[in-house]
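Coordinate inspection notes
Chain residues, written in single-letter form:
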Amino acid sequence: MKNGFPHFMMKEIHEQPEVLKKTILPRLTKGLPDLSDENIPDELLKRITNIRVIACGTAMHAGMVARALIEPRLRIPVTVSIASEFRYEEPLIDDSTLTIVISQSGETIDTLAALRLARECGSTVISVVNVKGSTIARESDYVIYTHGGPEIAVASTKAYTVQIAALYLLFCRMALVRGVYTEEHAEQFMSDLLNCASAMETMIRDENTINEIVTHIVNYPDVFFIGRGMDYAFSLEGALKLKEISYIHAEAYAAGELKHGTIALITDHVPVIAIATQKHIFAKTISNIREVKARGAYVVLLVTEDTAVDEGIADVIIRIPKEDDKFTVFPIAVVLQLIAYYASVQKGLDVDQPRNLAKSVTVE
Ligand code: M6R
């Protein structure tokens, strides 16, 4: 069942390049995104004026990545809500709102209740679901299934990256039908998305290096993840993964927010995983990294391979393949998953079945 891997989580990390292709390839027609098998009408994608993304945990973090992609490019307001909060927020949504519900299991109770509420308010729901025939899939107006296959480890890995792939495809279809992308542009986007499979493979091959880096952080009680924009969305997922399977206290901060309080916690040797892949805010993130380095942090910096960084800014640099910065999420996700995985292994913990957690949360 584990195909020779020591844990399901490692097997599932390794499956990511393959399942990304399985999710995208059947939805390409002449290189362009095609959601006709899902019956999603272009008219819907054209007419909606705002988007509400609803999910829990890792699925919600996938939604945050999608928000960072969609809102600035389509110029549509996108709000990401934690399902258990959305239910009690008296949300302002109606038939001009597209609700995107994301769930690996399709059974998370808060996400399901939020979906029902969104539909009651008149919003159309597209869900991004992994488990075929699950309740969320059945109750949605439209479903984009991720073809991730069964995910056994409690810590979500491949479900996250295929959710993002599916959301990127939906974005590209919207960009096309709304006239934001030309066919040529959309084709290039989809081709870049598919190429992320090989960027993930590259980082998977780096697993021993990441295992070694983890030895420098695994014995500290707290780890901070920082980034800006999309990099902040990645940081949230990196911190969740580390907490859930290594039991190390981990926090993600928008790098620019550190000096509003949290930097007080940065002292000698405190590990900081700094993600700086977003070009338009790179200089700002680097300046925040200098601030933590100056306070003695042990900085692990994640950047693309073509990025020039000053000596001394980080203790270790992990370089991901050169990517357009819309797509760095895929190789970065692999690195963050491997950091959490090796932290759990090095502490001798139960990687696949962490304490207090269930794979599918069917209680409120
Ligand atoms: O099945 P779902 O995607 O609805 O589950 C949502 C969360 O419970 C899930 O992503 C959880 O956060 C993961 N265990 C994190 O690795």
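Rules used in this analysis
Residues numbered from 1 in each chain as written. Predicted model: local features only at pLDDT ≥ 70, side-chain atom pairs only at ≥ 80, totals over all residues. Heavy atoms only, no water. Helix = DSSP H or I, 4+ residues; strand = E, 2+ residues; numbered from the N terminus. Rg over C-alpha atoms; globule rule 2.2 N^0.38 Å. Buried < 20%, exposed > 50% of the residue type's maximum accessible area, 1.4 Å probe, protein only. Contact = heavy atoms within 4.5 Å. Areas by Shrake-Rupley, 256 points an atom, 1.4 Å probe, with all protein chains shown as cover. Lys, Arg positive; Asp, Glu negative; His and termini not counted. Charge placed at Lys NZ, Arg CZ, Asp CG, Glu CD. Pairing = 2+ DSSP bridges. Axes fitted to C-alpha atoms, helices over the stretch in contact; angles between N-to-C directions. Parallel < 35°, antiparallel > 145°, perpendicular 65-115°, else oblique. Left-handed = near helix turned anticlockwise from the far one by under 90°. Nonpolar A, V, L, I, M, F, W, Y, C, P; charged D, E, K, R; others polar. Phe/Tyr/Trp six-rings, centres within 6.5 Å; stacked < 30°, edge-to-face > 60°. Near = heavy atom within 4 Å. Polar contact = N/O pair within 3.5 Å; in protein donor to acceptor, adjacent residues only side chain to side chain.

**Description of the overall build of the protein chain**
A count of helices and strands for the protein chain gives 13 helices and 12 strands. For the protein chain, the C-alpha radius of gyration of 20 Å lies close to 21 Å, the compact-globule estimate for 364 residues. Its C-alpha atoms give the protein chain principal-axis dimensions of roughly 55 × 40 × 40 Å. A burial count over the protein chain gives 57% of its 364 residues as buried. Within the protein chain, counting contacts between residues at least 6 apart in sequence, those at least 24 apart form 75% of the total. Within the structure as shown, the protein chain displays about 14,500 Å² of accessible surface, and the carbon and sulfur contribution to it stands at 49%. Separation of charge centres in the protein chain, based on 36 positive and 47 negative side chains, amounts to 1 Å.

**Concerning the pairing of strand E3 (residues 50-55)**
With 6 of 6 residues buried, E3 is to be regarded as a mostly interior element. Here E3 shows a buried face lined by Asn50, Arg52 and Ile54 and a second buried face lined by Ile51, Val53 and Ala55. With 5 bridges joining them, E3 and strand E5 (residues 97-103) adopt parallel strand pairing. Bridge pairing links Asn50 to Thr97 in E5.

**Focus: the packing of helix H11 (residues 230-246) against helix H13 (residues 329-346)**
Here H11 crosses H13 at 20°, and the two axes come no closer than 8 Å. Taken together, the axis directions place H11 and H13 in an arrangement best described as roughly parallel. With respect to the hand of their crossing, H11 and H13 are arranged in right-handed fashion. Counted together, Phe234, Gly238, Lys241, Leu242, Ile245 and Ser246 of H11 and Val329, Ile332, Leu336, Gln337, Ile339, Ala340, Tyr341, Ala343 and Ser344 of H13 form the full contact between these two elements. Among the residues forming the contact of H11 with H13, the class breakdown is 10 nonpolar, 4 polar and 1 charged.

**Examining the packing of aromatic side chains**
Centre-to-centre distance and the angle between the planes together describe a pair of aromatic rings. Applying the stated rule across the entire model yields 9 aromatic pairs. Each ring, one from Phe171 and one from Phe189, has its centre 5.3 Å from the other, and the planes form 55°; the classification is tilted. In this pair, Phe171 is assigned in helix H8 (residues 158-177) and Phe189 in helix H9 (residues 183-205), connecting sequence segments 18 residues apart. Taking relative accessible area as the criterion, Phe171 reaches 0% and is therefore assigned buried. The class of Phe189 is buried, set by a relative accessible area of 3%. Ring plane angle 55° and centroid distance 5.0 Å describe the contact between Phe189 and Phe327, whose orientation is recorded as tilted.

**Some words on the sheet that holds E3**
Taken together, the 5 strands give an open sheet; going across it, the order is E4-E3-E5-E6-E7, and neighbouring strands pair in parallel fashion. Two strands in the sheet have a free side with no partner beyond their single neighbour: strand E4 (78-82) and strand E7 (142-145). On average, each strand axis in the sheet is inclined to that of its neighbour by 20°, with strand direction left out of account. Pairing geometry for E5 and strand E6 (residues 124-129), over 6 bridges, is parallel. The residue bridging Ile102 from the neighbouring strand is Val128, located in E6. Taken strand by strand, helix H4 (residues 57-74) contacts E3, E4 and E5, and its axis lies near 170° from that of E4. Sheet contacts for H8: E3, E5, E6 and E7; angle to E5, the most-contacted strand, approximately 160°.

**Some points on the site of the ligand**
Surveying the vicinity of the ligand reveals 14 residues, the closest of which are Ser103, Gln104, Ser105, Thr108 and Glu244. The separation between an oxygen atom of the ligand and a polar side-chain atom of Ser103 is 2.7 Å. Lys241 places a side-chain nitrogen or oxygen 2.9 Å from an oxygen atom of the ligand. When the ligand sits alone it has 410 Å² of accessible area, and the protein chains cover 90% of it. Elements with a contribution of two residues or more to the shell around the ligand: H4 and H11.

**Let's talk about unusual backbone geometry**
Positive phi values are uncommon outside glycine, yet Glu90 reaches one of about 50°. One can find Glu90 in the loop between helix H5 (83-86) and E5. Of note in this structure, Asn356 is not a glycine but carries a positive phi near 65°.

Distances and angles like these do not, on their own, reveal function.
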